[in-house]
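# Observations on the model geometry
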Amino acid sequence: MPPRPLLILDLDETLWHGAPDPTHTTAHITLRPHLRDFLHDTHAAYDHAIWTAASPDWMHAGLQLIHTQIGLDLARTAAFLWHRDRCSWHRDEHGDLHPRKPARKLRATWIRSRSPRERILAIDDRPQNWASGYGHLVRVTPWTGDPTDDELPRLARYLLSIADTPDLRRVEKRGWRGRVLE
Ligand SMILES: [Mg+2]
């Protein structure tokens, strides 16, 4: 059996949607439909980690909401909790800064010892975040509040179907929705 794979989760527009509010931080975060089943089902085959371009306060506010609403304490169980300080920032032609999640950071010895890079997938709604590591990326549609959204259960079925593939980076993951068994 190949080593247990690692699933790196983006947060905003992937697992939840929200807008920062200095006085009611968590009240303005809404969790994506079926999040509880998604986390539970994928944890059967994958370890979880978090990598967001958001601030640490925002990350922890949302993780606390997940803990309260669906009873999963990702802040305790995740392999790592990475926020904007772990991103690199690139300026576009208009002078605006955009985050990247540099895949080279996954070469850290302590990560490689538990999760070789071929066993790491990343779930993200912004493919630009993974411009230096597309092989890890499973792109999801950005979620901004549609209560009928069914991306997560479909994604969980897909992830479970490929979990035993020794080199997950070599799996063609574009168009994954067409390869999910209904
Ligand atoms: Mg996002």
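As shown above, the structure is provided for reference.
What comes next is a walk through the structure. (Residues numbered from 1 in each chain as written. Predicted model: local features only at pLDDT ≥ 70, side-chain atom pairs only at ≥ 80, totals over all residues. Heavy atoms only, no water.)

### A look at the overall build of the protein chain
From N to C terminus, the protein chain includes five helices and nine strands. The linear arrangement of helices and strands in the protein chain, starting from the amino end, is β-β-β-α-β-α-α-β-β-β-α-β-β-α. Taking 2.2 N^0.38 as the reference for a compact globule, 182 residues should give roughly 16 Å; the C-alpha atoms of the protein chain span a radius of gyration of 16 Å, in line with that estimate. A principal-axis box enclosing the C-alpha atoms of the protein chain has dimensions of 50 × 40 × 30 Å. A separation of at least 24 residues holds for 69% of the contacts in the protein chain among residues at least 6 apart in sequence. For the protein chain, the exposed surface amounts to about 9,400 Å²; the carbon and sulfur share of it is 50%. Charge-centre separation for the protein chain: the mean point of 26 positive side chains lies 8 Å from the mean point of 24 negative side chains. (Helix = DSSP H or I, 4+ residues; strand = E, 2+ residues; numbered from the N terminus. Rg over C-alpha atoms; globule rule 2.2 N^0.38 Å. Contact = heavy atoms within 4.5 Å. Areas by Shrake-Rupley, 256 points an atom, 1.4 Å probe, with all protein chains shown as cover. Lys, Arg positive; Asp, Glu negative; His and termini not counted. Charge placed at Lys NZ, Arg CZ, Asp CG, Glu CD.)

### Considering the coordination of the magnesium ion
Within the protein, D10 (OD), D12 (O) and D125 (OD) serve as the donor atoms for the magnesium ion, at 2.1 to 2.2 Å. Read in sequence order, the donor residues coordinating the magnesium ion give the pattern D-x1-D-x112-D. Taking relative accessible area as the criterion, D10 reaches 5% and is therefore assigned buried. (Donors = N, O, S within 2.8 Å, 3.2 Å for Na, K, Ca; no water. Buried < 20%, exposed > 50% of the residue type's maximum accessible area, 1.4 Å probe, protein only.)

### Digging into the environment of T52
In this structure, T52 sits in the loop between β4 (47-51) and α2 (56-70). Overall, the relative accessible area of 1% leaves T52 in the buried class. Expressed as a C-alpha distance, the spacing of T52 and L81, which sit 29 residues apart in the sequence, is 8.3 Å. What T52 contacts, discounting residues up to four positions off in sequence, is D10, L11, D12, M59, W82, H83, R84, C87 and K101.

### Overview of the side chain of S115
Turning to its location among the elements, S115 is positioned in the loop between α4 (109-112) and β8 (120-124). With a relative accessible area of 1%, S115 lands in the buried category. If we ignore the near neighbours within four places in the chain, the residues touching S115 are R4, L6 and I120.

### Focus on the pattern of salt bridges
Considering all chains together, one arrives at nine salt bridges under this definition. Linking D73 and R76 is a salt bridge whose minimum nitrogen-to-oxygen distance equals 3.8 Å. For R76, a relative accessible area of 64% gives the class exposed. Here E151 ties to R177 by a salt bridge, and the two come within 2.7 Å at their closest N and O atoms. (Salt bridge = Lys/Arg side-chain N within 4 Å of Asp/Glu carboxyl O.)

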